[in-house]
Structure formats: structure tokens, C-alpha cells
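What follows is each chain in one-letter form.
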Amino acid sequence: MPTQESKKGKKIGYARVSTKDQDLSLQLDDLKSFGVLESDIYSDVVSGAKDNRPGLDSCLAILQPGDTLVVWRLDRLGRSMVHLVNTIQELTERGVFFKSLNDGAIDTTTASGELIFNIFSALTQFERRLIQERTNAGLKSARARGKLGGRPPIGANDPTVVMAKQMHENKALSVEQICETLCISRATYYRYISL
């Protein structure tokens, strides 16, 4: 991976607050103090849990190899640790550096910062594997007790099945109209008819 010295780029800032009642000023001031031009700062006023963040999307789209994405804190960027790690890994693969102003060691422009980030990445991968293992163990345990996952099966006496069969026999409506009326898919309709 190239060092920042080998390929100087721009500092691009991103700031976010969750609600309109909150103020971006502190983040913007710190980003500008770090040397990010006001014209190179993107922002959103939206909860971090939301997928739709137009400011972040625009910011990520303009980043070029050698640029550094600068945020005030890590929680301004990522929806979750997994999202944060994935975003920074994608930036790294594009040759873009990352710096968090208030999280000290998270600075991929330095060797030690890159090491810390790689430790975070490994911990995130470890967390994902633990969740998979717990989920699989829970499913195995439930199956051993005779419990199956998923929705309970629908029987021939279910009101929607009965209605679908009656509408089918009536022949007044097309399959599409029956599906639309009952809010079911075409595949579900044929499954109901076969019960």
C-alpha cells in the first residue's frame, strides 16, 4: 500500500449529526482546523442507522487515490462496526487514506494507524464468525428438540387458501387479479390451489 507521502492528495471531510436540533459547527470547525477546505466538506443530518446518506455517498464518490477522508469521530461515518470496517477497507483498496480526528490511533496514513485498523478488521471478522457459530448452534439445538425454523405451514383450511380456491373455481377473475386481491404472489397462489 502506498504511503501518503508517496502520493499526496486532497483532504476530504465528512460530518454528520442525527437530528436537526444538533449542530454541525464543532465538527466543521475541527475539520477546517485540520486543513480540510470548506468546499471539500460533505455533511448529512440523518441518523447513523439510516442507509440513505446523500452527503456520504457524494463524499465517497469523489475520493481519488491519495486523498484522505477525514471525520470528526468514527461514529460519524459508520452505521455499525461492520459497516465502518467495510467502508474503510473499500477506501484502502481504492488507495484512499482515512483519518479520525478524535479517535487517536485510527489514521491509515501511518503504519501504526493501519495496524490498529487491521486489528479492528480482525475483531469484526471474529465477531461475525461468533454470530454465525451461535446461530448455527441454536438452529441445531432447536432441530434436536424437534423444532423447525421458518413460518408454520399453511393448511387447506386457512381462510386465504379457501378464498383462493373459491376464486379459482369461480373463473370470474384472472390469476393476476386473484393474486392482487389476496395480496399473494403467483407462486403462492399455485401452492394454495394444490393444497
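Note: the structure precedes this text.
Residues numbered from 1 in each chain as written. Predicted model: local features only at pLDDT ≥ 70, side-chain atom pairs only at ≥ 80, totals over all residues. Heavy atoms only, no water.

## Concerning the overall build of the protein chain
- The helix and strand inventory of the protein chain stands at seven helices and four strands.
- If you list the helices and strands of the protein chain from N to C, you get β-α-β-α-β-α-β-α-α-α-α.
- Taken over the C-alpha trace, the protein chain has a radius of gyration of 26 Å; the compact-globule value for 195 residues is 16 Å, which it surpasses by more than 25%.
- For the protein chain, restricting intrachain contacts to residue pairs at least 6 apart in sequence, the fraction spanning at least 24 positions comes to 65%.
- On the protein chain, roughly 12,200 Å² of surface is accessible, and the fraction owed to carbon and sulfur atoms is 54%.
- For the protein chain, the separation between the mean place of its 26 positive charges and that of its 23 negative charges on side chains is 9 Å. (Helix = DSSP H or I, 4+ residues; strand = E, 2+ residues; numbered from the N terminus. Rg over C-alpha atoms; globule rule 2.2 N^0.38 Å. Contact = heavy atoms within 4.5 Å. Areas by Shrake-Rupley, 256 points an atom, 1.4 Å probe, with all protein chains shown as cover. Lys, Arg positive; Asp, Glu negative; His and termini not counted. Charge placed at Lys NZ, Arg CZ, Asp CG, Glu CD.)

## Notes on a nonpolar patch on the surface
- Together, L115, I119 and L123 make up a nonpolar patch on the protein surface, roughly 290 Å² of accessible area in all.
- Checked against the element boundaries, L115 lands in helix α4 (residues 111–144). (Patch = residues over 30% accessible without salt bridge, like charges linked within 9 Å, V, L, I, M, F, W, Y side chains within 5 Å. Salt bridge = Lys/Arg side-chain N within 4 Å of Asp/Glu carboxyl O.)

## Thoughts on the pairing of strand β1 (residues 11–17)
- Along β1, six of the seven residues are buried, which leaves the element largely enclosed by surrounding structure.
- Two strands pair when backbone bridges link them, and β1 and strand β3 (residues 68–71) are joined in this way by four bridges, in the parallel orientation. In the sheet register, I12 faces β3, and the bridge partner there is L69.
- For β1 and strand β2 (residues 41–45), the ladder comprises five bridges, and the chain directions are parallel. (Buried < 20%, exposed > 50% of the residue type's maximum accessible area, 1.4 Å probe, protein only. Pairing = 2+ DSSP bridges.)

## Describing unusual backbone geometry
- A positive phi angle, close to 60°, is found at K171, a residue other than glycine.
- With respect to the secondary-structure elements, K171 resides in the loop between α5 (159–170) and α6 (175–182).

## A word on helix α2 (residues 54–62)
- Along α2, the residues that are buried comprise G55, L56, C59 and L60. One face of α2 carries all of its buried residues, which in axial projection span an arc of 125°.
- Packing partners of the buried residues in α2 comprise β1, β2, β3 and α3 (81–93). (Arc of directions from axis to C-beta.)

## A short note on the layout of surface pockets
- Considered as a void within the structure, the largest pocket measures approximately 160 Å³ in volume.
- Lining the largest pocket are 12 residues, and of these L56, L60, H83, T87 and E90 sit closest to its centre.
- When residues of the lining of the largest pocket are traced back to their parent elements, those giving at least two are α2 and α3.
- Here the element with the most residues in the lining of the largest pocket is α3; it accounts for five residues.
- Across the lining of the largest pocket, the residue classes break down as three nonpolar, three polar and six charged. (1 Å grid on protein atoms, 1.4 Å probe; cavity = no way out; pocket = protein on both sides within 12 Å on 5 of 7 lines; lining within 4 Å. Points joined across faces, edges and corners; volume = space filled by probe spheres on them. Nonpolar A, V, L, I, M, F, W, Y, C, P; charged D, E, K, R; others polar.)

## With respect to the packing of aromatic side chains
- In total, this model carries one aromatic pair according to the counting rule given.
- Positioned over the ring face of F34 is K11, at 4.3 Å from the centre of the ring. (Phe/Tyr/Trp six-rings, centres within 6.5 Å; stacked < 30°, edge-to-face > 60°. Lys NZ or Arg CZ within 6 Å of the ring centre and 35° of its normal.)

## Describing the environment of M167
- Note on placement: M167 falls in helix α5.
- Look at M167 and you get buried, because its relative accessible area is 13%.
- The spacing of M167 and Q177 is 10 residues in sequence and 9.8 Å in space, taken between C-alpha atoms.
- Those residues within four positions of M167 in sequence are excluded, and the remaining contacts are L173, I178, T181 and L182.

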